[in-house]
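# Report on the structure
Below, each chain spelled out in residue letters.
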Amino acid sequence: MRIAVVGPGAIGGTVAAWLSHSPLVSSVTLCARTPLARLVVEAPDGRLIEARPRVVTDPAEITAPVDWVLVATKAYDVAAASAWLAPLVGPQTLVAVLQNGVEHVERLTPFIAADRIVPVVVDIPAERSAPGRIQHRRNGTIVVPAGEAGEAFAALFAESVIAASTTDDFTTVAWTKLALNCAGAVNALTGLPGGVVREAGVADLIRAMVRECVLVGRAVGAGLGDHIPDWVVERAETSPPDSVNSLLGDRLAGRPMEWDARNGVIARLGAAHGIPAPLNAMAATLLSAME
Ligand SMILES: NC(=O)c1ccc[n+]([C@@H]2O[C@H](COP(=O)([O-])OP(=O)(O)OC[C@H]3O[C@@H](n4cnc5c(N)ncnc54)[C@H](OP(=O)(O)O)[C@@H]3O)[C@@H](O)[C@H]2O)c1
């Protein structure tokens, strides 16, 4: 398998390093915005996984299509990153989208046919300290829709520590992750880490935000139970009080934030289905204004 990773950041770099050591993979090409010389990923067990894939920074350097393109930019960078697709995608190429949110396919369909796209829910905590230098904190999971393409994608990770699996209900898996992620706006808006959940009224606010997500998710077919808001709050309450989610991390670093993929989408799809989601709309509006 020839693989190209568009966006070799925390997630793209981590999966590229592991896939570089897969017996199923013959070549890995990193399609980067910022050049890097090599990948050094500190695995959860402390091992260093090193790789020297080919690195290109201009789509004109791509001379042949690959079997898999893995898009691992932030959601808001997809339009700019789409320039890589024309030279990378041939008649057999599949495009896996490793991003947060629930619109993996919609984000890419302006650039490529929907039947080529494999949406991926990624739960791999990873952090980049410099181009190509990544800390992979917990083994983590990858979930893709059941079917031939999903199974082929999951098989690529057989030799890695990342648990890749398929599901018959991808919509529910993606919306469950969104329920967790939408609450992260509370941290980005307050500028405070995980412990803010213990401040007066914050747990109830999170429950209300997640309830909006549950109602909108159900309207688009996700099987989200009534327990989800309490589950999200419980996760927040049992996380380290100094934990920093990626939305807050991006705000603190002055980077753009994925407020549309994590909160705006709930308001947008809610409006389309006649379900008000004012808390998520407010979060998206304020985070956008802060940017
Ligand atoms: N990190 C996590 O723990 C984690 C966990 C679960 C899900 N996710 C999701 O995974 C996705 C990727 O997140 P991340 O944390 O890996 O972000 P990241 O570290 O910021 O990596 C994104 C990469 O995309 C690159 N990029 C942007 N535009 C590009 C372009 N036009 N061409 C080529 N590369 C381009 C960036 O280049 P530069 O080097 O120039 O910035 C960067 O290397 C997001 O949707 C995120 O929410 C992340």
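Right above here is the structure, for reference.
Definitions and limits used
- Residues numbered from 1 in each chain as written.
- Predicted model: local features only at pLDDT ≥ 70, side-chain atom pairs only at ≥ 80, totals over all residues.
- Heavy atoms only, no water.
- Near = heavy atom within 4 Å.
- Polar contact = N/O pair within 3.5 Å; in protein donor to acceptor, adjacent residues only side chain to side chain.
- Areas by Shrake-Rupley, 256 points an atom, 1.4 Å probe, with all protein chains shown as cover.
- Pairing = 2+ DSSP bridges.
- Helix = DSSP H or I, 4+ residues; strand = E, 2+ residues; numbered from the N terminus.
- Axes fitted to C-alpha atoms, helices over the stretch in contact; angles between N-to-C directions.
- Contact = heavy atoms within 4.5 Å.
- Parallel < 35°, antiparallel > 145°, perpendicular 65-115°, else oblique.
- Left-handed = near helix turned anticlockwise from the far one by under 90°.
- Salt bridge = Lys/Arg side-chain N within 4 Å of Asp/Glu carboxyl O.
- Buried < 20%, exposed > 50% of the residue type's maximum accessible area, 1.4 Å probe, protein only.

## Topic: the site of the ligand
Taken together, 26 residues sit near the ligand, with Ile11, Thr34, Asn100, Arg128 and Glu258 positioned nearest. One of the side-chain N or O atoms of Trp84 is found 3.0 Å from a nitrogen atom in the ligand. Here the ligand loses 88% of its free accessible area of 900 Å² to cover by the protein chains.

## Let's talk about the sheet that holds strand β10 (residues 133–136)
Spatially, the 4 strands line up as an open sheet ordered β4-β3-β10-β9, and their pairing is mixed. Of all the strands in the sheet, the pair left with one neighbour each is β4 (48–51) and β9 (126–130). Sheet twist, expressed as the mean angle between neighbouring strand axes with direction ignored, is 20°. With 4 bridges connecting them, strand β3 (residues 39–42) and β4 associate as antiparallel partners. Bridging across to β4, Val41 finds its partner in Ile49.

## Observations regarding the side chain of Glu258
Mapping Glu258 onto the fold places it in the loop between α10 (246–252) and α11 (259–272). A polar atom in the side chain of Glu258 sits 2.7 Å from the backbone nitrogen of Ala75. Those residues in contact with Glu258 that lie beyond four places of it in its chain are Lys74, Ala75, Tyr76, Asn100 and Leu247.

## What about the packing of helix α8 (residues 202–219) against helix α9 (residues 228–238)?
In the contact formed by α8 and α9, the axes pass within 8 Å of each other and the chain directions differ by 135°. By the criterion of interaxial angle, the relationship of α8 to α9 is oblique. Considering how the two elements wind past one another, α8 and α9 form a crossing that is right-handed. Mapping the contact onto sequence places Ala203, Ile206, Arg207, Val210, Arg211 and Val214 in α8 and Ile228, Pro229, Asp230, Val232, Val233 and Glu237 in α9.

## Here's the deal with the pattern of salt bridges
In the structure shown here, the tally under the stated rule is 13 salt bridges. Among the ionic pairs, Lys74 bridges to Asp250, the shortest N-O distance being 2.9 Å. Of the two residues, Lys74 sits in the loop between β6 (66–71) and α2 (78–81) while Asp250 sits in helix α10, which places them 176 residues apart along the sequence. Assessed through its relative accessible area of 27%, Lys74 is described here as partly exposed. What makes Asp250 buried here is its relative accessible area of 3%. Arg138 is the salt-bridge partner of Asp123, the closest N and O atoms lying 3.3 Å from each other. Within this pair, whereas Asp123 is found in strand β8 (residues 117–123), its partner Arg138 is found in the loop between β10 and β11 (141–145), the two being separated by 15 residues in sequence.

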